[in-house]
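# Per-entry structural report
So the chains spell out like this:
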Amino acid sequence: MRHGNAVQYDRYGDFDVVQLVDIERPKPGPDEVVVEVSVAGLNHIERFLREGKLKEFVDLDFPARQGVDFAGVVVARGAEVRDLHVNDEVMGHAPHGGSHATWVTVPRGAVVKKPSTMTFEVAGSLYLAGCTALSIVRSLKLGPDDTVVISAAAGGVGHIECQLAKETGATVIGLGSPRNHDALRQIGVLPVSYGEGELDRIREIADGRPVTAFIDNREHNENVALAADLGVSDKRFVTSEQRRDLEIRFLRAPGDDQEASEMLTRLGDLVQRHKVQFIISGYYPFEYIVDAYEDLAEMHSRGKVVVGMQPVETGSRLHWYKSEKSRDLHDPVSRAVPHPEAS
C-alpha cells in the first residue's frame, strides 16, 4: 500500500474545517520510523487546538495535521535506528501532530514497544491521557493516609488518575454522573454525584477521613470552593489550568523527551499487569472521525474515544463498527470526513 489518508485542516474552526487528504507513504529520516497506524486516540485538547482556543499556548502552521496518540506497526526505519525493526508493534506520540493518518513519521524516541498482550485500541489512546494523569498523581505524592477527590472521575484522564491514586494506597472519591457510578465502583472508587449537597455527600462517604487532596478535571476550576470547604490546601489542589498545561506539555513533547517515554512505558506495564483498566467508550472507522469528535464533544464519554484506521468491514458496512452512542447521535445518516475534491 503506497497511498493513504490524513486528517488535515487549513484554518481554525469547528468540525467543518476537517478534511481527509490523500497522502503517499512517507520515507523516514535517519533517526525516524514510519508507523502504519492501527488505532489513534482522540483528546479534547486537540479539538480546542483546532478551534483556536489555545493560540496563546501553541503555534500552528497551516495546513495542520491532527492527532497525537497512536499505535501501529513499523513499516520503515531510518539508517540510525538499530533497536526497532520492520513489523515491530509500537505505541507513542506525534510531536507535531498527524497521528490521525494511515502513516505517521516520528523520531525513534517518540515510540516504545507495545506490550504483547495490550490491544491496539488501548495502546493507541494511552499516551496523552495517561502521561497527564501519571504526572498529576505523582505531583501529589499520595499515600495510604490520603483521601483524594477527583472530579470528572470517569473521563479519559480522570479514570486513569483514579486508578493510579488507588495504586498508592489512597482512598479515592470520584465525582461523576450517576450513570458512571457502577463503572467507578468497579475500579475501586467511591462515587459521589455532582450538584447540590455534594459537599455533604463527600463527607459522608469519606466516613470521618479528612480529604487531603483534590484533582479538578472540570473546566473553569468549578471546584475551588468545594475543595476549600473540604479543607484541602492550595498545594494539594490540582486546578484545571494545571491539567491543561500538562496536556500541552505532552501534546508537544519532543521525540527525545525521556520523561514522556518513561511514563508511557510505565503506563504500558501497569495496563499489562491489570493494575490499570483502560476504558474505551467508542470505536469509529477512520473516515467517521467527525462523528467520533462529536461524540467526544458531548463531554459524556466514559474513558476514551478512538478511531481505527483499518477496520475489517468496508464500504456501506463500515457503520456496523460505530458505537451505539454514535448511532444515537446521527441515525440514520452519519457524516464521513470529506475529501477536498468533494467540497
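See the structure printed just above.
A brief structural summary. Note that the coordinates shown come from a computational prediction; the quantities given were computed from them, not determined experimentally. (Residues numbered from 1 in each chain as written. Predicted model: local features only at pLDDT ≥ 70, side-chain atom pairs only at ≥ 80, totals over all residues. Heavy atoms only, no water.)

### With respect to the overall build of the chain
For the chain, the count of helices and strands is eleven helices and 15 strands. A total of 343 residues make up the chain; the buried ones form 55% of that total. Of all intrachain contacts in the chain linking residues separated by at least 6 positions in sequence, the fraction that spans at least 24 positions is 72%. Roughly 15,300 Å² of accessible area belongs to the chain as shown, and the carbon and sulfur atoms make up 48% of that amount. (Helix = DSSP H or I, 4+ residues; strand = E, 2+ residues; numbered from the N terminus. Buried < 20%, exposed > 50% of the residue type's maximum accessible area, 1.4 Å probe, protein only. Contact = heavy atoms within 4.5 Å. Areas by Shrake-Rupley, 256 points an atom, 1.4 Å probe, with all protein chains shown as cover.)

### Quick word on the pattern of salt bridges
Within this structure, the stated rule accounts for 14 salt bridges. Across the pair R11 and D10 runs a salt bridge, and its minimum N-O distance is 3.1 Å. Using a relative accessible area of 43% as the deciding quantity, one classes R11 as partly exposed. D10 gets classed as partly exposed once you look at its relative accessible area, which sits at 45%. Among the salt bridges present, the one from D245 reaches R244, with a minimum N-O distance of 2.9 Å. Taking the relative accessible area as the measure of exposure, R244 reaches 25% and is therefore partly exposed. Shared partners join several salt bridges into a network, and the residues in it are R47, E51 and K53. (Salt bridge = Lys/Arg side-chain N within 4 Å of Asp/Glu carboxyl O.)

### Points about the nonpolar core
One finds M91, L126, Y127, L142, V148 and L164 to be the most contacted residues of the largest nonpolar core, which totals 56 residues. With 29 residues, the next largest nonpolar core counts A110, A292, Y293 and V305 among its residues. (Core = buried A, V, L, I, M, F, W, Y, C linked by side-chain atoms within 4.5 Å.)

### A look at the pairing of strand 6 (residues 89-93)
A large share of strand 6 lies buried, amounting to four of its five residues. Pairing analysis gives five bridges linking strand 5 (residues 69-77) to strand 6, with the strands arranged antiparallel. What sits directly across from V73, in strand 6, is E89. In this sheet, strand 8 (residues 111-113) lies alongside strand 6 in antiparallel orientation, the contact comprising three bridges. Each residue of the ladder has a partner; that of V90, found in strand 8, is K113. (Pairing = 2+ DSSP bridges.)

### Here we look at the sheet that holds strand 11 (residues 190-192)
One open sheet holds the five strands; their spatial order is 11-10-9-12-13, and the pairing between them is parallel. The outermost strands of the open sheet, each flanked by one partner alone, are strand 11 and strand 13 (237-238). Its contacts with the sheet place helix 6 (residues 198-206) against strand 9 (147-150), strand 10 (171-175) and strand 11, and it is angled at close to 165 degrees to strand 11. (Axes fitted to C-alpha atoms, helices over the stretch in contact; angles between N-to-C directions.)

### Overview of the packing of helix 3 (residues 127-140) against helix 9 (residues 258-272)
Interhelical geometry of helix 3 versus helix 9 gives an angle of 95 degrees and a closest axis separation of 9 Å. Our classification of the angle between helix 3 and helix 9 gives roughly perpendicular. Between helix 3 and helix 9, the contacting residues are Y127, G130, C131, L134, S135 and R138 on the first element and A260, E262, M263, L264, R266 and L267 on the second. Tallied by class, residues from the contact of helix 3 with helix 9 come to seven nonpolar, two polar and three charged. (Parallel < 35°, antiparallel > 145°, perpendicular 65-115°, else oblique. Nonpolar A, V, L, I, M, F, W, Y, C, P; charged D, E, K, R; others polar.)

### Concerning helix 9
With 15 residues, helix 9 ought to run about 21 Å at 1.5 Å a step, and its terminal C-alpha atoms sit 21 Å apart, in line with that. Those residues of helix 9 that fall on the buried side of the exposure criterion are A260, M263, L264, L267, G268, L270 and V271. One side of helix 9 carries all its buried residues, which in axial view fall inside an arc of 160 degrees. The secondary structure elements touched by the buried residues of helix 9 are strand 6, strand 8, helix 2 (120-123), helix 3, helix 4 (158-167) and helix 8 (240-251). Its side-chain oxygen at 3.1 Å from the backbone nitrogen of E259, D257 defines the N-terminal cap of helix 9. (Expected span 1.5 Å × (residues − 1). Arc of directions from axis to C-beta. Polar contact = N/O pair within 3.5 Å; in protein donor to acceptor, adjacent residues only side chain to side chain.)

### A few points about the side chain of N180
Relative to the elements of secondary structure, N180 occurs in the loop between strand 10 and helix 5 (181-186). Look past the residues within four positions of N180 in its chain and what remains in contact with it is A154 and R302.

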